[in-house]
Amino acid sequence: MTGIVVRCSLFVDRLRTTIPEQRIRAQSMLPILRILTGLIFVVSGAEKLIWPWQNFLYAIQSYEFFPPGADAVVAHVFPWIEFLTGLFLALGLWVGSSLKAALVMYSAFILIIAQALIRHLPINECGCFGALLSLKPQHTLLMDSFFFLSLIWLLKNVKGAEKFSLDAYFKK
């Protein structure tokens with residue numbers, strides 16, 4: 001019986017030392033995750049800006065989500081929003097607002113992709129990264145869900161996400 005108590009005591013002592021270490025490691029991941037999310041938006045937005053806007057329009061129309069006419073506006077405007085939000089996230093400028101904007105975009109991505117999957121629309125690739133990368137909508141939904149949850153975590157820890165950012169530099 002004493003052996004079990006000693007083992008339990010050692011286990012509890014080990015937990016006390018590893019949990020703070022894990023929190024420190026998790027906190028150090030925040031700026032990396034912010035920068036990674038930003039770079040994904042920069043690459044995705046830049047890819048859509050480089051190629052003719054009609055390519056992105058075709059991808060948007062395949063989801064049958066926007067009314068006619070609105071899809072053309074989205075095809076023109078959204079790549080710029082995506083690119084600038086990504087740039088702000090990667091550089092760490094207005095981190096809180098940039099994270100909120102990215103969260104809204106990922107919410108929209110999840111909604112639009114999910115409705116297309118539920119409706120069994122014949123979409124073979126998401127169109128997220130233009131001609132650079134081809135992903136199936138199911139894979140994109142998983143990726144977007146991961147980044148959505150990551151953004152919630154980042155928003156709950158904005159101070160940690162501001163490390164290595166222009167916001168932190170300008171606050172000095």
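One can find the structure itself at the top, above this paragraph.
Residues numbered from 1 in each chain as written. Predicted model: local features only at pLDDT ≥ 70, side-chain atom pairs only at ≥ 80, totals over all residues. Heavy atoms only, no water.

A.B. asks: What should I look at first to understand the overall build of the protein chain in this one?
C.D. replies: Looking only at helices and strands, the protein chain features seven helices and zero strands. Listed by position from the N terminus, the elements making up the protein chain come as α-α-α-α-α-α-α. Per-residue burial for the protein chain yields a buried fraction of 34% across its 172 residues. Here the contacts in the protein chain between residues at least 6 apart in sequence split such that 74% fall between residues at least 24 apart. (Helix = DSSP H or I, 4+ residues; strand = E, 2+ residues; numbered from the N terminus. Buried < 20%, exposed > 50% of the residue type's maximum accessible area, 1.4 Å probe, protein only. Contact = heavy atoms within 4.5 Å.)

A.B. asks: Would you explain the layout of surface pockets in this entry?
C.D. replies: Summary: where empty space remains is shown by rolling a probe the size of a single water molecule over the atoms. The space that makes up the largest pocket amounts to roughly 450 Å³. Along the walls of the largest pocket sit 26 residues, with Lys48, Phe56, Phe78, Phe109 and Ile112 positioned nearest its centre. Breaking the lining of the largest pocket down by element, the ones donating at least two residues are helix H1 (2-50), helix H2 (53-62), helix H3 (70-91), helix H4 (95-118) and helix H5 (137-156). Among the residues forming the lining of the largest pocket, the class breakdown is 20 nonpolar, three polar and three charged. (1 Å grid on protein atoms, 1.4 Å probe; cavity = no way out; pocket = protein on both sides within 12 Å on 5 of 7 lines; lining within 4 Å. Points joined across faces, edges and corners; volume = space filled by probe spheres on them. Nonpolar A, V, L, I, M, F, W, Y, C, P; charged D, E, K, R; others polar.)

A.B. asks: What's the story with the packing of aromatic side chains in this structure? I'm lost.
C.D. replies: All told, the structure shown has ten aromatic pairs when counted by the stated rule. Taking 5.2 Å as the distance between ring centres and 55° as the angle between the ring planes, the aromatic pair formed by Phe41 and Tyr106 counts as tilted. On the criterion of sequence distance, the pair formed by Phe41 in helix H1 and Tyr106 in helix H4 is long-range, its members being 65 residues apart. Consider the rings of Tyr106 and Phe147, whose centres lie 5.8 Å apart with planes at 15°: the pair is stacked. One end of the pair, Tyr106, is in helix H4; the other, Phe147, is in helix H5, and 41 residues separate them in sequence. Grouped by ring-pair contacts, the aromatic residues Phe41, Phe56, Phe78, Tyr106, Phe109, Phe146 and Phe147 constitute a single cluster. (Phe/Tyr/Trp six-rings, centres within 6.5 Å; stacked < 30°, edge-to-face > 60°.)

A.B. asks: I'm lost on unusual backbone geometry in this one. Help?
C.D. replies: Negative phi is the rule for most residues except glycine; trans is the rule for most peptide bonds. The backbone of Glu64 sits at a positive phi, close to 50°, despite the residue not being glycine. Relative to the helices and strands, Glu64 resides in the loop between H2 and H3. Relative accessible area serves as the criterion here: at 47%, Glu64 is assigned to the partly exposed category. In this structure, Phe164 takes a positive phi of about 60° despite not being glycine. You can call Phe164 exposed: its relative accessible area is 71%.

A.B. asks: Can you walk me through the pattern of salt bridges in this structure?
C.D. replies: When charged atoms on two side chains of opposite charge get close, those side chains can pair. This structure, assessed with the given rule, holds three salt bridges. A salt bridge links Glu162 to Lys171; its shortest N-O distance comes to 3.1 Å. (Salt bridge = Lys/Arg side-chain N within 4 Å of Asp/Glu carboxyl O.)

A.B. asks: Would you mind going over the packing of H4 against H5 with me for this structure?
C.D. replies: In helix packing, the relevant descriptors are the interaxial angle and the interaxial distance, both defined with respect to the helix axes. In contact at an axis separation of 9 Å, H4 and H5 are set at 150° when each is read in the N-to-C sense. With respect to H5, the axis of H4 lies roughly antiparallel. Here H4 and H5 pass one another in a crossing that is left-handed. Together, Gly96, Leu99, Lys100, Ala102, Leu103, Tyr106, Ser107, Phe109, Ile110, Ile113, Ala114 and Leu117 of H4 and Pro137, Gln138, Thr140, Leu141, Asp144, Ser145, Phe147, Phe148, Leu151, Ile152, Leu154 and Leu155 of H5 make up the contact between the two elements. (Axes fitted to C-alpha atoms, helices over the stretch in contact; angles between N-to-C directions. Parallel < 35°, antiparallel > 145°, perpendicular 65-115°, else oblique. Left-handed = near helix turned anticlockwise from the far one by under 90°.)

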